[in-house]
Amino acid sequence: MTTITFLGTGGGRFATIYQPRNTGGIYITNEWRIHLDPGPGALVNLSRASIDPGKTDAILISHCHPDHYTDAEILIEGMARGGFRKRGILIGSESVLQGSGNFGPAISSYHLGLPEKIKVMSKGSSANVIGLSIEATPTRHSDPTGIGFKLHTRDDTISYVGDSELGPDIIEAHKGSRVLIICLTRPIGSRIPYHMCTEDAAILVEKTLPEVAILTHFGMKLLHEGAEKQSAYIEKQSGVRTIAATDLMTVNLGKTMRFRDRTRTENRA
Ligand SMILES: [Zn+2]
Ligand SMILES: [Zn+2]
C-alpha cells in the first residue's frame, strides 16, 4: 500500500521565508521510498515524522526554486549513506541538475556524484525505476524547464502538478490519476501568472476527476484567507472530494483512503 506524507504544506516565497506552515515536500512510500521536492525543513520534518532519510530510494525535484530543492544535498548524502555508498536515484529538471538560463544547477558536482543514477527529465519523458513508472508532466511556471510528476505504481496513479498555472496541457497531463496533488499558491480572487489559484484548481479537478484532490504548497495570502475555504470551494465546484493538507498529514491509499491529520489529533487531545 502506498502512503503519502506531507512533510510541509507551505510554499512560495514568503510562506517559505516565514514558515507559517512547514516546508519540505512530500514523502511517498510503498516497497520503495520517494522524496519529492525537498525544500527547506525537509530534513527536520523527516525527523519529526520518524522517517529515516537513509532509506530513501529516489529524490525527485520538479524545478529550480528554493522551496523545492534546498535540503536536497544533505538528503542525497542520507540516501548515499553519508556519501560512503553510491546509492539511490536523483531525478530532476534540467535547471536543477544541469542549470538552465538563470536557474541552477541546484546540486553541487560532489553531490551529483553520490547517487547510483542521475536522470534529467523534461515534459513528456518517462523513467522506469525502483518498480514504478515516473512520467514528467508539463508545467507553466517561471522556471521554463520545470516539470510535474505522474507516478504509476502497481495499484495507483498519483499526480503531482508542481508549480504551474492552468492550461489545457496541464489538464490533459493529469487525467486518470487516483490522487491529484496540487501546488495551490493563490486563494480565490488572486490569480497571478505562473501559479495555481483556487478557481483554476477547481477547473483542473473538475476536468481530471481524480478520486481525491489534495491541496498543498500554500502561499502566505492563501493561509491568511484560510486553506479550508479553498478546498471547500473546489469540492463544491468540481464535485470531487478535496482536502487541504496539513503539516505531517498522511494518506494511506488502500481500497478506501485513510487520512491522518496530526494537527486535528493534537487539537482534540
Ligand atoms: Zn514553489
Ligand atoms: Zn516555483
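Residues numbered from 1 in each chain as written. Chains lettered and ligands numbered in written order. Predicted model: local features only at pLDDT ≥ 70, side-chain atom pairs only at ≥ 80, totals over all residues. Heavy atoms only, no water.

**A few points about the overall build of the protein chain**
Within the protein chain, the secondary structure is distributed over eleven helices and 16 strands. The C-alpha radius of gyration computed for the protein chain amounts to 17 Å, which stays within 12% of the reference 18 Å derived for 269 residues, consistent with globular compactness. Along the longest, intermediate and shortest principal axes, the C-alpha atoms of the protein chain span 50 × 45 × 40 Å. Long-range contacts, defined as pairs at least 24 residues apart, comprise 62% of the intrachain contacts of the protein chain with a sequence gap of at least 6. Element-wise, carbon and sulfur atoms account for 49% of the exposed surface of the protein chain, whose accessible area totals about 11,300 Å². Both charge centroids of the protein chain, one from 30 positive and one from 28 negative side chains, sit 4 Å from each other. (Helix = DSSP H or I, 4+ residues; strand = E, 2+ residues; numbered from the N terminus. Rg over C-alpha atoms; globule rule 2.2 N^0.38 Å. Contact = heavy atoms within 4.5 Å. Areas by Shrake-Rupley, 256 points an atom, 1.4 Å probe, with all protein chains shown as cover. Lys, Arg positive; Asp, Glu negative; His and termini not counted. Charge placed at Lys NZ, Arg CZ, Asp CG, Glu CD.)

**Observations concerning the state of the cysteines**
According to the stated counting rule, one finds zero disulfides in the structure shown. Free cysteine: C183, not disulfide-bonded; nearest cysteine sulfur from C197 at 14 Å. The buried category is assigned to C183, whose relative accessible area is 2%. (Disulfide = S-S within 2.5 Å. Buried < 20%, exposed > 50% of the residue type's maximum accessible area, 1.4 Å probe, protein only.)

**A closer look at the coordination of the zinc ion (ligand 1)**
In this structure, D67 (OD), H68 (NE2), D163 (OD) and H217 (NE2) serve as the protein donors to the zinc ion (ligand 1), at separations of 2.1 to 2.2 Å. Positions of the donor residues of the zinc ion (ligand 1) along the chain correspond to the pattern D-H-x94-D-x53-H. Here the zinc ion (ligand 1) and the zinc ion (ligand 2) are spaced 3.5 Å apart, linked through D163, which binds each one. Of this pair, D67 sits in helix α3 (residues 66-69) while D163 sits in the loop between β10 (157-160) and α7 (168-173), and the two are 96 residues apart along the sequence. A single burial state applies to D67 and to D163, both of which are buried. (Donors = N, O, S within 2.8 Å, 3.2 Å for Na, K, Ca; no water.)

**Looking at the side chain of T250**
Within the secondary structure layout, T250 lies in strand β15 (residues 250-253). Judged by relative accessible area, T250 falls into the buried class, the value being 12%.

**Regarding the coordination of the zinc ion (ligand 2)**
Coordination of the zinc ion (ligand 2) by the protein is provided by H63 (NE2), H65 (ND1), H141 (NE2) and D163 (OD), with metal-donor distances spanning 2.1 to 2.4 Å. In this structure, the zinc ion (ligand 2) is surrounded by four donor atoms whose angles at the metal cover 91 to 168 degrees, and the resulting shape is irregular. Each donor residue of the zinc ion (ligand 2) belongs to the same chain, and together they define the spacing H-x1-H-x75-H-x21-D. (Tetrahedral: all angles 85-135°; square planar, octahedral: opposite > 155°, others 65-115°.)

**Describing the pairing of strand β13 (residues 212-216)**
Along any regular strand, the residues point their side chains to alternate faces of the sheet. Counting buried residues along β13, five of its five residues qualify, which places the element largely inside the surrounding structure. Covered by surrounding structure in β13 are V212, I214 and T216 together with A213 and L215, the residues of both alternating faces. Here strand β11 (residues 179-186) runs beside β13; their pairing, made up of five bridges, is parallel. Bridging across to β13, V179 finds its partner in V212. As defined by bridge partners, β13 adjoins strand β14 (residues 241-244) across four bridges and the pair is classed as parallel. For I214, the partnering residue across the bridge sits in β14 and is I243. (Pairing = 2+ DSSP bridges.)

**Quick word on the environment of D261**
For D261, the location among the structural elements is in the loop between β16 (257-260) and α11 (262-268). In this structure, the C-alpha to C-alpha distance between D261 and G54, residues 207 residues apart in sequence, is 25 Å. Among all residues touching D261, those that are not within four sequence positions of it are T246 and M249. Engagement of the side chain of D261 in a polar contact is seen with the side chain of T246, the distance being 2.8 Å. (Polar contact = N/O pair within 3.5 Å; in protein donor to acceptor, adjacent residues only side chain to side chain.)

**Remarks on the pattern of salt bridges**
This model, assessed by the stated rule, comprises nine salt bridges. Of the charged contacts in the structure, one is a salt bridge between E172 and K175, with a shortest N-O distance of 3.1 Å. Between K221 and E225 there is a salt bridge; the shortest N-O distance is 3.9 Å. One end of the pair, K221, and the other, E225, are both in helix α9 (residues 220-225), four residues apart, so they sit about a helical turn from each other. Judged by relative accessible area, which is 35%, E225 ranks as partly exposed. (Salt bridge = Lys/Arg side-chain N within 4 Å of Asp/Glu carboxyl O.)

**Details of the pairing of β16**
One ladder, built from four bridges, connects β15 with β16; its direction is antiparallel. Looking at the pairing, L253 lines up with M257 of β16. Linking two consecutive strands that pair antiparallel, namely β15 and β16, is a turn of three residues.

**Considerations on helix α8 (residues 198-208)**
Inspection of α8 places T198, D200, A201, A202, L204, V205 and T208 among the buried residues, and these make up the whole buried set. Elements in contact with the buried residues of α8: α7, β11, β12 (196-197), β13 and α10 (227-238). Just downstream of α8, L209 is the residue with a positive phi angle, here 50 degrees.

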